[in-house]
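# Remarks on the overall topology
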Amino acid sequence: MSPKEKQPLLYLNGVSVSFDGFKAINNLSLVVERGEMRAIIGPNGAGKTTMMDIITGKTRPDEGEVFFEGDTDLTKYDEADIACLGIGRKFQKPTVFENHSVYDNLALAFDEDRGILANLFHNETRSRRGRINEILDTVRLSHRKDFLASELSHGQKQWLEIGMLLAQDPKLLLVDEPVAGMTDAETVETANLLREISKNHSVIVVEHDMGFIRDLDVKVTCLAEGSVLSEGSLDHVASDEKVIESYLGR
Amino acid sequence: MISKSLFTKLGPQSIWIVALLFLIAAVVPLLNLALPESHPLHVPSYLVGLFGKYLCYAMLALALDLVWGYCGILSLGHGAFFALGGYAMGMYLMRQIGTRGVYAHPTLPDFMVFLNWEELPWFWLGFDQFWFAALMVVAVPGLLAFVFGWFAFRSRVTGVYLSIITQAMTYALLLAFFRNDMGFGGNNGLTDFKDMLGVSLQSDGTRAALFSATAVALGLSFLLCSLIVNSKFGKLLVAIRDAESRARFLGYRVEHFKLFAFVVSAMIAGVAGALYVPQVGIINPGEFAPANSIEVVIWTAVGGRGTLFGPIFGALLVNGGKSYFTAAYPEYWLFALGGLFVLVTLFLPKGIVGVLSQLRSAAQKQLGQRASAETGAKPEAAE
Ligand SMILES: Nc1ncnc2c1ncn2[C@@H]1O[C@H](COP(=O)(O)OP(=O)(O)O)[C@@H](O)[C@H]1O
Ligand SMILES: [Mg+2]
């Protein structure tokens, strides 16, 4: 193994950011290993989404280090660069291309040349079509392939966005509240989907739904007021005094 | 086969429109020149000139639609690119006057002699050559769009703010071109053109040829825009329009895509302006007026943005209406235009063509559902 592969995939150290004097992220440190799936919980306003903004280049931290794959300093890059480095992101509010078909949404996300000319003279290949159809199966949308994304239900849009992440094929997936607004059946299905995805991707999932987190059965980090309150197995975190006081107990 | 793949890429509708424009380019001059005036199918020269002008407007609206309809960039300054293309052509036409000006100066246009200029300013050099002027017709608007877009898109200026600065851009150019010392004829602009490529601009033959050239240029621009919007690049433009941040987080350099579309659009607008000037015989700073650019937005909205035929249709319809109204009820034209815009914005957000194609696809869907109900097959949504 080369040293690079021994390094953690994502490494945040002492990260802080404030908006108009309000510290949304406060001395946050977090390490995610290769191949790991991590669940992040915490009350509203804990800074979970802001943490993703920092990792993906949308927000620059005031202090601290953010490293990807050991030596890539993410604070030096912008959103498009970071996406190309291999970090994909699902937004808290599902965001898909409403006026494109489900298939085209995946095709646009597909991992290939992002240049202007490549896209002007792009030709659909059979192997690519096959890959997209596989992803359609994975996210349970094969039967909606030719529908406009705007015609999908809320839950289906969430899945489509996860499918777009798969098409993008990043090394790390950041998934912000994937089951918000889903029915119980859809929630169970989504947990299965994420477990499937985590077999060959590293994933960070932010979620409030404790049943869902339990289904994922992975290491949990609880954030509050911009820093890590507790970390470990779900049972460990859930029985932590501080967590009960600031989040679960309320 | 190239032609076959072109056909499948564009779809039959686009091919029909391009074919129709080329047909018009061939037939109208014949009906104008070859038929005697008494013939019922004879097209009088004034109509050829009028429709030639409309086709230039249609091209400008098409250019705007590429960035507004497909990429969400509401430019309120597209008239500036049109005017710059027009000025480049006007400069060529000025140089063609030669010694036939009032002052009969061998190199200087009349207005420069009048201002007591000794020699041709450097930026007028080369404009005696048609090829050079033709190059500038696309290069100058393209360069302005590139520089403007580079800064605007990189700083992520969008929405209303972007519209306002495009408006400011055309207004600044209006003020600049009004100044005599800019060297573009100031207030009066460039006019009194005599000939182009060695033939008189006043002859019916030249006018008919200009009409044809405009119809062909519109057809080619339409083809270019169709190829762009039907490519993966075009789908990406729409994606950026609808969810810019999604595209960005997928790894696309949104600013580069916008910039490319903006520059192509400005170049098409420049060609439209260049074809317009010899047909109307004058170019002056008034073409930079903010109101002109806003009118282009109205044509596009009325016809239907986000469809390529819409802006062409809208430009022809609104300008046809304008010609009629300003002759019949001159005092009501602005009210009619304003009312039309309000009506369309409120009730037909996709414009006339957008609504028609919506009705059509709804009808198709119903037919499809009926057919599938009969055969018991699963309905397939139209692409
Ligand atoms: N761009 C911003 N400007 C100002 N305040 C912000 C911004 N982004 C987030 N915040 C604030 O930072 C805090 C953390 O927000 P967020 O990360 O969205 O929380 P979570 O996702 O954990 O619910 C909130 O109080 C929010 O109002
Ligand atoms: Mg959040």
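The shown structure was predicted, so the numbers you read here are calculated from the model rather than taken from an experiment. (Residues numbered from 1 in each chain as written. Chains lettered and ligands numbered in written order. Predicted model: local features only at pLDDT ≥ 70, side-chain atom pairs only at ≥ 80, totals over all residues. Heavy atoms only, no water.)

Contact with chain A, which involves 36 residues of that partner, is made by 29 residues of chain B. Viewed at the interface, chain B and chain A are joined by 6 salt bridges. Our count for the contact surface shared by chain A and chain B stands at 15 residue pairs in polar contact (both at pLDDT 80 or more). Elements supplying a minimum of two residues to the side of chain A that touches chain B: helix H3 (79–85), strand E6 (87–90), helix H4 (102–109), helix H5 (116–120) and helix H7 (154–168) of chain A. If you tally residues by element for the side of chain A that touches chain B, the top one is H3 of chain A, at 5 residues. Its residues placed into classes, the side of chain A that touches chain B shows 14 nonpolar, 9 polar and 13 charged. (Contact = heavy atoms within 4.5 Å. Salt bridge = Lys/Arg side-chain N within 4 Å of Asp/Glu carboxyl O. Polar contact = N/O pair within 3.5 Å; in protein donor to acceptor, adjacent residues only side chain to side chain. Helix = DSSP H or I, 4+ residues; strand = E, 2+ residues; numbered from the N terminus. Nonpolar A, V, L, I, M, F, W, Y, C, P; charged D, E, K, R; others polar.)

Further remarks concern the coordination of the magnesium ion (ligand 2). When four donors bind a metal tetrahedrally, each ideal donor-metal-donor angle is 109.5 degrees, and when six bind octahedrally, the ideal angles are 90 or 180 degrees. All names here are of chain A. Surrounding the magnesium ion (ligand 2) are the protein donor atoms Thr49 (OG1) and Gln92 (OE1), at 2.0 to 2.2 Å. Pair noted here: Thr49 is in helix H2 (residues 48–55) and Gln92 is in the loop between E6 and H4, with a separation of 43 residues, a long-range link. Classification of Thr49 by relative accessible area gives partly exposed; the value is 27%. With relative accessibility at 35%, the residue Gln92 sits in the partly exposed group. (Donors = N, O, S within 2.8 Å, 3.2 Å for Na, K, Ca; no water. Buried < 20%, exposed > 50% of the residue type's maximum accessible area, 1.4 Å probe, protein only.)

Moving on, we get to the side chain of Glu69 of chain A. Residues and elements named next belong to chain A. Secondary-structure assignment places Glu69 in the loop between strand E4 (63–68) and strand E5 (72–73). Since its relative accessible area comes to 10%, Glu69 is described here as buried. A polar contact of 3.2 Å, which involves the side chain of Glu69, links it to the side chain of Lys171.

What follows is about the pattern of salt bridges. By the definition in use, this model includes 29 salt bridges over all chains. Notably, a salt bridge pairs Asp235 of chain A with Arg214 of chain A, separated by 3.4 Å at the nearest N-O pair. With Asp235 of chain A in helix H10 (residues 234–238) and Arg214 of chain A in helix H9 (residues 210–216), the pair connects residues that are 21 residues apart, well separated along the chain. Between Asp242 of chain B and Arg241 of chain B there is a salt bridge, with its nearest N and O atoms 2.9 Å apart. When salt bridges with common partners are traced through the structure, they connect Asp78 and Asp81 of chain A together with Glu244, Arg248, Arg253, Glu255 and Lys258 of chain B into a single cluster.

Time to look at the sheet that holds E6 of chain A. All names here are of chain A. Pairing in this open sheet of 6 strands is mixed, and the strands run E6-E7-E8-E3-E9-E10 from one edge to the other. Only two strands of the sheet have a single partner each, and these edge strands are E6 and strand E10 (227–232). Taking each pair of neighbouring strands and ignoring which way they run, the sheet shows an average axis angle of 20°. Where strand E7 (residues 172–176) meets strand E8 (residues 202–206), 5 bridges bridge the pair, whose relative direction is parallel. Counterpart to Leu173 in the pairing with E8 is Val203. (Pairing = 2+ DSSP bridges. Axes fitted to C-alpha atoms, helices over the stretch in contact; angles between N-to-C directions.)

Once that is clear, we can look at the packing of helix H3 (residues 78–97) of chain B against helix H5 (residues 130–154) of chain B. Residues and elements named next belong to chain B. Relative to each other, H3 and H5 sit at 155°, their axes nearing to 9 Å. Classified by the interaxial angle, the pair formed by H3 and H5 is roughly antiparallel. As H3 packs across H5, the resulting crossing turns out to be right-handed. Across the interface between the two elements, Phe81, Leu84, Gly85, Ala88, Met89 and Tyr92 from H3 touch Phe130, Ala133, Met136, Val137, Val140, Pro141, Leu144 and Ala145 from H5. The residue inventory of the contact of H3 with H5, partitioned by class, reads 13 nonpolar, 1 polar and no charged. (Parallel < 35°, antiparallel > 145°, perpendicular 65-115°, else oblique. Left-handed = near helix turned anticlockwise from the far one by under 90°.)

Once that is clear, we can look at the domain arrangement of chain A. Residues and elements named next belong to chain A. Parsing chain A into structural domains produces domain 1 (1–86 + 172–250) and domain 2 (93–169). Placing a centre on the C-alpha atoms of domain 1 and another on those of domain 2 gives a separation of 25 Å. With 18 residues of domain 1 in contact, the opposing surface of domain 2 contributes 14 residues. Taken together, the two surfaces of domain 1 and domain 2 that pack against each other cover about 1300 Å², and 64% of this comes from carbon and sulfur. Where domain 1 touches domain 2, the interface holds 2 salt bridges. (Domains from an automatic or database assignment. Buried area = accessible area lost by both parts, 1.4 Å probe.)

Residue and element names in this part refer to chain A. Take Leu216: it is sitting in helix H9. The exposure class of Leu216 is buried, given its relative accessible area of 2%. Setting aside residues no more than four positions away along its own chain, Leu216 makes contact with Met37, Ala191, Leu194, Arg195 and Val205.

Here we take up the site of ligand 1. All names here are of chain A. Every residue lining ligand 1 is accounted for by Phe19, Phe22, Ala24, Pro43, Asn44, Gly45, Ala46, Gly47, Lys48, Thr49 and Thr50. Gly45 has a polar backbone atom sitting 2.8 Å from an oxygen atom of ligand 1. Here an oxygen atom of ligand 1 sits 2.7 Å away from a polar atom, N or O, in the side chain of Thr49. Contact with the protein chains removes 62% of the 570 Å² of surface that ligand 1 exposes when unbound. Of all elements in the fold, only strand E2 (22–32) and H2 reach the threshold of two or more residues within the shell around ligand 1. It is H2 that contributes the most residues to the shell around ligand 1, 3 residues altogether. Per-class residue counts for the shell around ligand 1 are 5 nonpolar, 5 polar and 1 charged. (Near = heavy atom within 4 Å. Areas by Shrake-Rupley, 256 points an atom, 1.4 Å probe, with all protein chains shown as cover.)

Membership of the largest hydrophobic core comes to 149 residues, with the highest contact counts inside it found for Leu160 of chain A together with Trp124, Leu190 and Phe288 of chain B. Take this core: its biggest share by element is 17 residues, from helix H2 (residues 45–71) of chain B. Mapped onto the domain boundaries, this core takes at least three residues apiece from domain 1 (1–86 + 172–250) and domain 2 (93–169) of chain A. Ignoring any residue separated from it by four or fewer positions in sequence, one finds Leu190 of chain B in contact with Tyr87, Gly90, Met91, Met94, Phe111, Trp124, Phe184, Gly185, Gly281, Ile282 and Ile283 of chain B. The next biggest cluster of nonpolar side chains, apart from the first, holds 26 residues, and it includes Leu28, Leu74, Ile204 and Leu223 of chain A. (Core = buried A, V, L, I, M, F, W, Y, C linked by side-chain atoms within 4.5 Å.)

To continue, consider the packing of aromatic side chains. On inspection of all chains with the given rule, the structure shows 30 aromatic pairs over all chains. Pairing Trp131 of chain B with Phe132 of chain B gives two aromatic rings, centres 5.8 Å apart and planes at 90°, and the pair type is edge-to-face. The class of Trp131 of chain B is exposed, set by a relative accessible area of 57%. An angle of 85° between the planes, with centres 5.8 Å apart, marks the rings of Tyr252 of chain B and Phe257 of chain B as edge-to-face. There is no split in this pair, since Tyr252 of chain B and Phe257 of chain B are both buried. Each residue in the set Tyr87, Trp122, Phe123, Phe177, Phe184 and Phe288 of chain B is aromatic and connected to the rest through ring pairs, giving one cluster. Between Arg114 of chain A and the ring centre of Tyr252 of chain B, over which it is positioned, the NZ or CZ distance is 4.3 Å. The ring of Phe147 of chain A carries the charged tip of Arg144 of chain A above its face, separated from the ring centre by 4.8 Å. (Phe/Tyr/Trp six-rings, centres within 6.5 Å; stacked < 30°, edge-to-face > 60°. Lys NZ or Arg CZ within 6 Å of the ring centre and 35° of its normal.)

Attention now moves to the pairing of E6 of chain A. All names here are of chain A. Alternating positions in E6 separate into two faces, Ile87 and Arg89 on one and Gly88 and Lys90 on the other, with burial throughout. In this sheet, E7 lies alongside E6 in parallel orientation, the contact comprising 4 bridges. Residue pairing for E7: Ile87 is matched across the bridge by Leu172.

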